[in-house]
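# Observations on chain architecture
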Amino acid sequence: MTTRSLAALAAVAAVAIGAGQHLSAQGRAGQPPAPPPTAKAAAPIDLTGSWVSIVTEDWRWRMVTPAKGDYQSVPITAEGKRVADMWDPAKDEAAGEQCRSYGAAGIMRVPGRLRISWQDDSTLKVETDAGMQTRLLHFGSWKPAKDAKPTWQGDSVAEWEMAGGRGGAAKFGNLKVVTTHMRPGYLRKNGVPYSADAVLTEYWDLYKEPNGDQWIVVTTYVDDPKYLQQTYITSPNFQKESDGSKWDPTPCSAKW
Amino acid sequence: MKKMAFVLLAATAISVPAYAQVDLGGSWVSRQHEDWEERGPGPEVVDYLGLPLNAEGRARALRYSTSALSLPERQCLYYAPHYVVLGPQGLRLWADTDPTNGQVVAWNISAAIDRAVIKIWMDGRPHPSENALHTFGGFTTGVWEGNTLTARMTHFKEGYLRRNGVPSSDKATFTMHISRHANTLTITGILEDPVYLTRSFIVNRTWELDPTANINPLTNPCVPEAELADLKGEGGVPHYLPGENPFVNEMTRMYHIPVEAVLGGAETMYPEYRKKLKDQYVPPTVCTRYCCGWGGAAGATAPNLQCVTGGTGQINER
């Protein structure tokens, strides 16, 4: 090989490196670019199926209703403490507010099962048997309805965060979800509050073990300048089940 | 010349960033928004909530007396390496690199006052023989799965799964999934222990990157000292005989948790166990103990709040 051909080879290689980053956007040989895959088709991980929370963390604050005034581990503000100290589950029930601890910022810590499926190509549906709630995680350019009232589960915008996948390698990635527009609710059953201004950010990871176990771990941030002194970070986990036979829909309860 | 061409093509190939490796390096401060009491002041003496203990694990835990740690020969014992996700400490992570090519050979997780450094080998070396030396740091190999570093550990000494004497054996294995999301590090730890557990035990913890924390990668030396007069020279090991642990009912007295749940077991980890609790549990009327502690950048307890961060657990004393 001559020096000239070596230089030509280097030039080709350099062009290939640069062009590789744009191939997917431009299509081939003048053809119109292929439409981007749907969120469902692009999913780097499969979160669908039946999942159960395995309660190894904060057992005493999740499996039973803790005492009034127990806000241990939560970076609560003085105003948050004031509100939590007024917790009255009977009053919540009478006001039709028994689902306060099942809102998006608290529901993933509530012991229960998840049923995850694709509602359509751009909406991942997460149902909970505890409290019989439904979270809709919207991909793409979804916008909430104008003037819609806040809901327990709020408005969730989702995106895949990709890793790998180049050159035929296995795809990896995680799900990022940002939820706003929530009705004020409780981080815990005993009235530890989050406000209407709270923002919930979640990173959903899927881990597969050699023994066949599959785990979803949701690293969860709740930002609430009204009731939290700093971002409240938790990381609940769910283990995959072979079927939905243990699905047990249970209505919201303010006391239990 | 052909050799040069090969080198050029090889360089082209490796100029693409190494597949999905994330920089984990730096000082990470602990966020104790989960299990603060267990990680900070420590668990209740008999609190096995959420642990999939078998009968042997439970029996051994009940034999444990914290006074055993006063024995000079036990004062400097490290916890098992899975304490990395069970303890309160911040972490420093750093890489060992091959000086000839800069490739990462191993990731390291800093020691703490009571835990050894964890070295995660990234160079594909195999785990040693089952009969090889077991150490306080264990033997760990890692692979990248996307942006997650998955590390599998074997060969670590027996230790404690909880600071109140719940045991873990030297037959246990420990898996870590280390994921970085922005400036948060989440480590999912999964412990399998055929000696003391009936199923896997999982726990997830988070840390936040803080370059100002400057966490020490090593630990200060521990110097044992006979502190208690009645433990000098007698040769006894503080313990409770079967059926004589006086703290078995403490959680029931303070928090109204049935003792069957307090003593753990895989059944207690599932949501349906709540149905068994529903008819026998009545919440305490008021919180009297460790009511508002949390670990964070601002300190171990919530500032500007009047709240109970200690206490004796006597109901209605506030």
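Note that this is a predicted model, so its numbers are computed, not measured.

Residue and element names in this part refer to chain A. Only one face of strand β3 (residues 123-128) is covered, namely the face carrying Leu124, Val126 and Thr128; the face carrying Thr123, Lys125 and Glu127 is uncovered. Relative to β3, strand β2 (residues 113-120) runs antiparallel, the two being bridged by 6 bridges. Its bridge partner lying in β3, Ser117 is registered against Lys125. A loop of 2 residues connects β2 with β3, the two strands running antiparallel in sequence. Looking at chain direction, β3 and strand β4 (residues 134-138) are connected through 5 bridges and run antiparallel. Paired with Lys125 across the bridge in β4 is Leu136. Taking the residues that link successive antiparallel strands as the turn, the β3-β4 hairpin has 5 residues, and the phi of Gly131 there is positive, at about 80 degrees.

Attention now goes to the pairing of strand β5 (residues 139-145) of chain B. Residues and elements named next belong to chain B. Looking at chain direction, strand β4 (residues 118-121) and β5 are connected through 2 bridges and run parallel. What sits directly across from Trp121, in β5, is Thr141. Bridging between β5 and strand β6 (residues 148-154) involves 7 bridges; their strand directions are antiparallel. Paired with Glu145 across the two strands is Thr148, which belongs to β6.

On average, residues of chain B score 88 in pLDDT, and 85% of them are at 70 or above. The low-confidence segment residues 5-20 of chain B, where pLDDT is below 50, has 20 contacts with residues more than four positions distant or belonging to other chains.

Quick look at the nonpolar core now. Counting 114 residues, the largest nonpolar core has Ile76, Ala105, Leu187, Ile216 and Val222 of chain A together with Tyr48 of chain B as its most contacted members. In this structure Tyr48 of chain B touches Leu53, Arg58, Ala61, Val166, Val262, Leu263 and Gly264 of chain B, once residues within four positions along its chain are discounted.

Okay, unusual backbone geometry next. Excluding glycine, most residues fall at negative phi; most peptide bonds, likewise, are trans. In this structure, Asp58 of chain A is a non-glycine residue whose phi angle is positive, near 50 degrees. The topology assignment puts Asp58 of chain A in the loop between β1 (49-53) and α4 (59-62).

Put simply, chain A has an average pLDDT of 89, and 86% of its residues get 70 or more. Contacts for the low-pLDDT stretch residues 1-27 of chain A, under 50 throughout, to residues beyond four places or in other chains number 21 contacts.

Each value, and the rule that gives it
Residues numbered from 1 in each chain as written. Chains lettered and ligands numbered in written order. Predicted model: local features only at pLDDT ≥ 70, side-chain atom pairs only at ≥ 80, totals over all residues. Buried ≥ 20, exposed ≤ 12 C-beta atoms within 10 Å, placed from the backbone. Helix = DSSP H or I, 4+ residues; strand = E, 2+ residues; numbered from the N terminus. Pairing = 2+ DSSP bridges. pLDDT = per-residue confidence, 0-100. Contact = placed C-beta atoms within 7 Å. Core = buried A, V, L, I, M, F, W, Y, C linked by C-beta atoms within 7 Å.

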